[in-house]
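Coordinate analysis (summary)
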Amino acid sequence: MIRPNRRGRADRPTLLPRATPAPTAVLTACALAASAAVGAGVPPDGGLAAPPRWQADTTARAAAAAATTADDAARVWIDPTSRDSVANAYFGLFVPQSGVAAGWTGSLASCTSGTTAAAYHAATIERVNVFRALAGLPGNVTAMAAGAVQGAQDAALMFTANGQISHAPPPSWRCYTAAGAGAAAASNVSLGLAGPEAVVAYMDDYGSGNGMVGHRRWILYPPQAQMASGSVDGADGWPSNALRVIGGFGSRPDTPAGVAWPPPGYVPWQLLPSVSNRWSYSWPGANFANARVTMTRNGQALGAVSYEPLANDVGYGDNTLVWLPQGVNYGQPAGDTVYRVTIDGASGNGIPASLSYAVVVFHPEARPERVFGDGFDG
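Computed from a prediction, not measured in an experiment: that's the story for all the values here.

The rules behind each value
Residues numbered from 1 in each chain as written. Predicted model: local features only at pLDDT ≥ 70, side-chain atom pairs only at ≥ 80, totals over all residues. Heavy atoms only, no water. Buried < 20%, exposed > 50% of the residue type's maximum accessible area, 1.4 Å probe, protein only. Helix = DSSP H or I, 4+ residues; strand = E, 2+ residues; numbered from the N terminus. Pairing = 2+ DSSP bridges. Contact = heavy atoms within 4.5 Å. Axes fitted to C-alpha atoms, helices over the stretch in contact; angles between N-to-C directions. Phe/Tyr/Trp six-rings, centres within 6.5 Å; stacked < 30°, edge-to-face > 60°. Lys NZ or Arg CZ within 6 Å of the ring centre and 35° of its normal. pLDDT = per-residue confidence, 0-100. Polar contact = N/O pair within 3.5 Å; in protein donor to acceptor, adjacent residues only side chain to side chain.

With respect to burial, strand β13 (residues 354-362) is a largely interior element, seven of its nine residues being buried. The pairing of strand β6 (residues 265-268) with β13 spans four bridges and is parallel. Opposite Val267, over in β13, you have Val361 as the bridge partner. Here strand β12 (residues 337-344) runs beside β13; their pairing, made up of eight bridges, is antiparallel. Note on β13: the bridge partner recorded for Thr337 is Val361.

On to the sheet that holds strand β2 (residues 187-191), then. In spatial order, the strands read β1-β3-β4-β2; together these four strands make up an open sheet with mixed pairing. Every other strand in the sheet has two partners, leaving β1 (142-143) and β2 as the edge strands with one partner each. Note: β2 against strand β4 (residues 240-244), five bridges, orientation antiparallel. By the bridge assignment for β4, Val189 is matched with Ala242. Its contacts with the sheet put helix α5 (residues 146-162) on β2, β3 (226-232) and β4, and the angle it makes with β3 is roughly 35°.

As a further point, take the environment of Gly247. Here Gly247 is to be found in the loop between β4 and β5 (259-261). In the structure, Gly247 is positioned 22 residues away from Ala225 in sequence and 9.2 Å away in space, judged by C-alpha atoms.

To continue, consider the packing of aromatic side chains. Counted under the stated rule, the structure contains 11 aromatic pairs. Taking the centre distance of 5.6 Å and the plane angle of 85° together, the rings of Trp218 and Tyr221 count as edge-to-face. A relative accessible area of 0% means that Trp218 is categorised as buried. For the cation-ring pair, Arg127 lies above Phe94, with the distance from its terminal atom to the ring centre recorded as 3.7 Å. Geometry around Tyr307 places Arg292 over its ring, the cationic atom sitting 5.2 Å from the centre.

Each strand in a sheet pairs with another by means of backbone hydrogen bonds, the pair being arranged parallel or else antiparallel. Across the sheet, five strands lie side by side as β6-β13-β12-β8-β9; this open sheet has mixed pairing. This sheet does not close on itself; its edge strands, each paired only once, are β6 and β9 (300-301). Sheet analysis places strand β8 (residues 292-297) next to β9, joined by two bridges and oriented antiparallel. Counted as the bridge partner of Thr296 is Ala301 from β9. In this fold helix α3 (residues 83-97) packs onto β6 and β13, with an angle of close to 30° to the strand it touches most, β6.

Another aspect to go through is helix α7 (residues 195-204). Of all 10 residues in α7, 10 are buried; the element is thus mostly enclosed. Among all positions in α7, only Gly195, Pro196, Glu197, Ala198, Val199, Val200, Ala201, Tyr202, Met203 and Asp204 are buried. Asp205 sits one or two residues past α7 and shows a positive phi near 55°.

Put simply, the protein chain has an average pLDDT of 83, and 78% of its residues get 70 or more. Confidence drops under a pLDDT of 50 for residues 56-71, and excluding neighbours within four residues, the segment shows 38 contacts in the predicted structure. Scored below 50 in pLDDT, residues 366-378 shows 26 contacts in the model against residues more than four places distant or in partner chains.

Summarising the element assignment, Gln97 is placed in helix α3. At 3.0 Å, the side chain of Gln97 forms a polar contact with the side chain of Glu126. With sequence-adjacent residues up to four places away left out, Gln97 is seen in contact with Ala123, Glu126, Arg127, Val130 and Pro196.

On to the side chain of Ser187, then. For Ser187, the position within the fold is in strand β2. In contact with Ser187, other than residues within four places in its own chain, are Pro52, His167, Ala242, Leu243, Arg244 and Val245.

A separate point is unusual backbone geometry. The omega torsion across Thr255 and Pro256 is -5°, close enough to zero to call that bond cis. Assignment of secondary structure puts Pro256 in the loop between β4 and β5. Note the cis peptide between Trp261 and Pro262, where omega equals -5°. Relative to the helices and strands, Pro262 resides in the loop between β5 and β6. Despite not being glycine, Asn277 shows a phi value in the positive range, around 60°.

Following this line, the structure appears as structure tokens:
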């Protein structure tokens with residue numbers, strides 16, 4: 001979960017403008033949205049606390065919520081091996097998501113959680129689908145039932161009203177509801193960012209307490225089928241978000257067997273984990289205790305990586321190896337830059353003893369040749 005360093009509005013993170021932004025502005029703003037939340041006066045945890053943990057009680061509370069859908073984000077298909085496909089998706093989907101107005105109808109004064117515009121909720125879920133499709137996963141997450149969406153909205157209102165976040169908000173909190181507390185237990189949560197911009201922060205997964213990249217693991221968990229998002233736009237306090245990631249699981253797709261972030265294929269430089277410098281590789285049931293990572297950039301060896309402590313089999317999606325590379329350029333590259341990742345020594349559940357993949361970081365400077373009418377490419 002994300003929290004700012006103060007409750008005063010003067011220092012809150014700068015969000016993207018509500019009107020459709022110019023691509024050049026979004027290139028920087030989207031990439032640095034997470035950075036703004038951990039700027040001057042960073043709290044001891046670096047701006048994020050622990051992600052939600054999958055436990056039997058949260059799963060049971062969420063199960064009924066996943067029965068029907070309230071609204072659908074467009075399904076997203078991207079060919080990560082195609083530079084044009086990724087660039088078109090970035091400009092045709094990702095950038096416009098940041099320009100959708102929140103349209104929040106609630107009120108802090110009366111503890112009314114209200115709703116956000118249907119298009120804003122859809123844009124938040126669709127942003128999840130963009131990240132999943134870039135990682136080679138099906139970009140077909142849809143919205144949970146209206147009750148789950150409203151519970152997430154209740155949770156977001158509590159966060160803004162109290163100027164803090166928690167997966168277990170107490171009944172003494174202002175604007176407390178049981179539905180909001182249930183949603184908080186099953187959600188990635190943010191104070192300081194809302195809607196699609198909160199998803200960027202969850203994927204970067206910065207902060208000293210997030211070496212397990214649990215927020216990212218839930219978004220890229222292969223069986224994800226349904227999510228719910230609640231947001232407060234910050235008109236009367238800090239913006240906030242609750243993205244319900246537990247309880248809407250479906251079948252595990254056949255591919256990919258392992259999920260990396262940054263992923264194999266073409267990746268816009270704006271979407272790299274520039275704040276956390278955390279790269280990750282997930283494989284269900286894998287043993288990464290003896291795994292070691294080596295990396296090259298355009299064929300030249302990079303320095304030795306460091307590793308985050310393993311936090312597997314504890315309720316954060318698939319088992320995951322997290323490392324911090326040396327020598328990655330997180331600014332706009334002068335040209336396409338190829339980072340090759342090799343992981344040796346992993347074991348268990350069919351993972352190869354040695355695997356390697358290439359991440360091609362590029363600047364998607366060209367406008368898409370066509371605008372997606374239905375969210376699909378191809």
